Amino acid sequence: MSSTTTGQVIRCKAAVAWEAGKPLVIEEVEVAPPQKMEVRIKILFTSLCHTDVYFWEAKGQNPVFPRILGHEAGGVVESVGEGVTDLQPGDHVLPVFTGECKECAHCKSEESNMCDLLRINTDRGVMLHDQKSRFSINGKPIFHFVGTSTFSEYTVVHVGCLAKINPLAPLDKVCVLSCGISTGLGATLNVAKPKKGSSVAVFGLGAVGLAAAEGARISGASRIVGVDLNANRFELAKKFGVTEFVNPKDYKKPVQEVIAEMTNGGVDRSVECTGHVDAMISAFECVHDGWGVAVLVGVPHKDAVFKTSPMNLLNERTLKGTFFGNYKPRSDIPSVVEKYMNKELEVEKFITHEVPFSEINKAFDLMLKGEGIRCIIRMDA
């Protein structure tokens, strides 16, 4: 990293979303130096997650434009702002859409990762320190996205949202661990905690659901039931340990009844990764009484209501929710990277496409068509 850029405005390329649903435009942007507790990083690889598409379409939330999207990425620290002590130029980092200030009650609790200061805020398009953007074009501010904005060659991130990782880890692979893969993996490993030889149902076989299945595979589950309305996903899911498939459209009865019949009363654990409230109810009601645990991962519509008989709980079923797989970004994500380095966790199979930064809109097209799992965007290409 050249120290000549420290304290200077950097001009670089970024993919700007000017308005909802319109193709991103590669523009020259100015990236201001990092302020107090901020870090400027050079993004080397980023990938597209469904959340980026959701906020780019802006159908169900406040439209914040012009904006630089992107939150799943890997990069290298270029410079640090005042007060930053645990990162220095040259460090390899994964930016994360949520954070860990290490000071609040949540950060000090062993049970929570929902930092008061830095938990995800999708409406905020500015930095916390001064409520201003670090991006501009000809003096006009361009808004940030979930504190990361990785669709830019350089970005500025709060130090609490950066996981410092092993510099030997290939950033073009482990960049996908900064969001969806860790969310699904952690939902299984940290929250559902299936025992060796147990049965697990996974609802929704997108990237997060496949990562949840991977967590069940790593845990030694003997039966992993994949549930999805898209039969095309079933073949691919076998690579992630899924042993059998249920398409709810193939049955006249509720899917929870189908699963209960298949598994002699219900699965030991279930993980729901779709965000559809009906699937959430099915995921809860398909676990075995006495010991079954269901974990909700998918984010529902804001008006959704979860309805079930209280007897399902009284009969000793447990319902849990999770956020980012219960991982604390700074404390825990480096160890997820080590799982990959130790060959416990396979990351390559999640990566199905790659495009140069100049063709970033192709990644959006692939996701809108439902093709592949993760598309890596190479910033230098």
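Position numbers for residues count from 1 along each chain, tracking the sequence in the order it is written. Only residues with pLDDT of at least 70 get local features here, since the model is predicted, and only at 80 or more are side-chain atom pairs given and counted; chain-wide, interface and lining totals rely on the full set of residues. To get the side-chain values, all heavy atoms of the structure are used, and hydrogens and water are removed first.

(A) Examining the side chain of glutamate 72 more closely. Along the chain, glutamate 72 turns up in strand S4 (residues 72-80). The buried label goes to any residue with under 20% of its type's maximum accessible area, the exposed label to any with over 50%, and the partly exposed label to all in between, with areas taken from a 1.4 Å probe on protein chains only. A relative accessible area of 0% places glutamate 72 in the buried class. Any N or O atom pair separated by 3.5 Å or less is treated as a polar contact, with the protein-specific requirement of one donor-capable and one acceptor-capable atom, and with residues adjacent in sequence counted only for side-chain atom pairs. Here glycine 180 takes part through its backbone nitrogen, which lies 3.1 Å from a polar atom of the side chain of glutamate 72. If near-sequence neighbours (up to four positions away) are discounted, glutamate 72 is found in contact with Thr46, Ser47, Cys49, Thr150, Cys175, Val176, Ser178, Cys179, Gly180 and Arg374. Each helix is a run of H or I in the DSSP string that is no shorter than four residues. Each strand is a run of E no shorter than two, and both are numbered from the N terminus. Every residue pair with non-hydrogen atoms within 4.5 Å of one another is taken to be in contact.

(B) A look at the nonpolar core. Ranked by internal contacts, the top residues of the largest apolar core, which has 107 residues, are Val29, Leu94, Phe151, Val174 and Leu177. What we call a nonpolar core is a set of buried Ala, Val, Leu, Ile, Met, Phe, Trp, Tyr and Cys residues that are connected through their side-chain atoms within 4.5 Å. Judged by nonpolar contacts, the second largest core, of 15 residues, contains Val255, Val267, Ala283 and Ala294.

(C) A look at the packing of helix H4 (residues 180-192) against helix H5 (residues 207-219). At a minimum axis distance of 7 Å, the contact between H4 and H5 shows a crossing angle of 40°. One finds that H4 runs oblique with respect to H5. The chirality of how H4 crosses H5 is right-handed. Seen from H4, the contacting residues are Gly180, Ile181, Thr183, Gly184, Leu185, Thr188 and Leu189; seen from H5, they are Ala207, Val208, Ala211, Ala212, Glu214, Gly215, Ala216, Ile218 and Ser219. An axis is simply a line fitted to the C-alpha atoms; with a helix, the fit covers only the stretch in contact. Between two such axes, the angle follows the N-to-C directions and lies from 0 to 180 degrees. Every angle not falling under 35 degrees, over 145, or within 65 to 115 is termed oblique; those three ranges are roughly parallel, roughly antiparallel and roughly perpendicular. For any helix crossing, the convention is left-handed if the near helix is rotated counterclockwise from the far helix by under a right angle, and right-handed if that rotation is clockwise.

(D) Spotlight on the sheet that holds strand S6 (residues 135-137). The criterion for strand pairing is that DSSP finds at least two bridges linking the strands in question. Taken in spatial order, the four strands of this open sheet run S1-S2-S6-S7, and their pairing is antiparallel. Edge positions in the open sheet fall to strand S1 (10-16) and strand S7 (140-142), since each of these has one partner strand only. Ignoring which end each strand starts from, the neighbouring axes of this sheet average 50° apart.

(E) Examining the pairing of strand S3 (residues 38-47) more closely. With respect to burial, S3 is a largely interior element, eight of its ten residues being buried. For S3 and strand S8 (residues 154-158), the ladder comprises five bridges, and the chain directions are antiparallel. Looking at the pairing, glutamate 38 lines up with histidine 158 of S8. Relative to S4, S3 runs antiparallel, the two being bridged by eight bridges. Residue pairing across strands places arginine 40 opposite serine 79, the latter belonging to S4.

(F) Structural view of the side chain of arginine 269. The residue arginine 269 is located in strand S13 (residues 269-272) in this model. In terms of polar contacts, arginine 269 uses its side chain to reach the backbone carbonyl oxygen of tryptophan 291, at 3.2 Å.

(G) Here's a closer look at the packing of helix H1 (residues 50-57) against helix H11 (residues 360-368). At their nearest, the axes of H1 and H11 sit 11 Å apart, and the two run at 95° to each other. In terms of orientation, H1 lies roughly perpendicular with respect to H11. From H1, His50, Val53, Trp56 and Glu57 reach across to H11, where they touch Phe364, Met367 and Leu368. Looking at the contact of H1 with H11 residue by residue, the classes come out as five nonpolar, one polar and one charged. In this classification, Asp, Glu, Lys and Arg are treated as charged, Ala, Val, Leu, Ile, Met, Phe, Trp, Tyr, Cys and Pro as nonpolar, and every other residue, Gly included, as polar.

(H) How the structure looks around the pattern of salt bridges. Think of a salt bridge as a Lys or Arg side-chain nitrogen and an Asp or Glu carboxyl oxygen that are within 4 Å of each other. All chains considered together, the criterion is met by 24 salt bridges. The salt bridge partner of glutamate 30 is arginine 11, with a shortest N-O separation of 3.6 Å. A residue pair is termed long-range when its members are at least 10 positions apart, and glutamate 30 in strand S2 (residues 25-31) and arginine 11 in strand S1 qualify at 19 residues. Arginine 40 is the partner of glutamate 78 in a salt bridge, and the nearest nitrogen-oxygen pair spans 2.6 Å. Residue glutamate 78 is located in strand S4, and its partner arginine 40 is located in strand S3; the two are separated by 38 residues in the primary sequence. Looking at arginine 40, the relative accessible area reads 0%, which means it is buried. Salt bridges linked by common partners bring Glu214, Arg217, Glu346 and Lys349 together as one network.

(I) Looking closely at the packing of aromatic side chains. Working definition: rings of Phe, Tyr and Trp (its six-membered ring) pair if their centres are within 6.5 Å, and the pair is stacked with planes under 30 degrees apart, edge-to-face with planes over 60 apart, and tilted otherwise. Within the structure shown, the criterion is met by ten aromatic pairs. With a centroid separation of 5.3 Å and an interplanar angle of 80°, the aromatic rings of phenylalanine 97 and phenylalanine 324 are classed as edge-to-face. Placement of phenylalanine 97 in the loop between strand S5 (92-95) and helix H2 (105-108) and of phenylalanine 324 in the loop between strand S15 (318-321) and helix H10 (329-341) is noted, with a sequence separation of 227 residues between them. You'll find phenylalanine 97 and phenylalanine 324 in the same group, each marked buried. Any Lys NZ or Arg CZ that is within 6 Å of a ring centre and within 35 degrees of that ring's normal is treated as a charge sitting over the ring. Residue placement shows lysine 349 over the ring face of phenylalanine 240; its charged tip is 4.9 Å from the ring centre.

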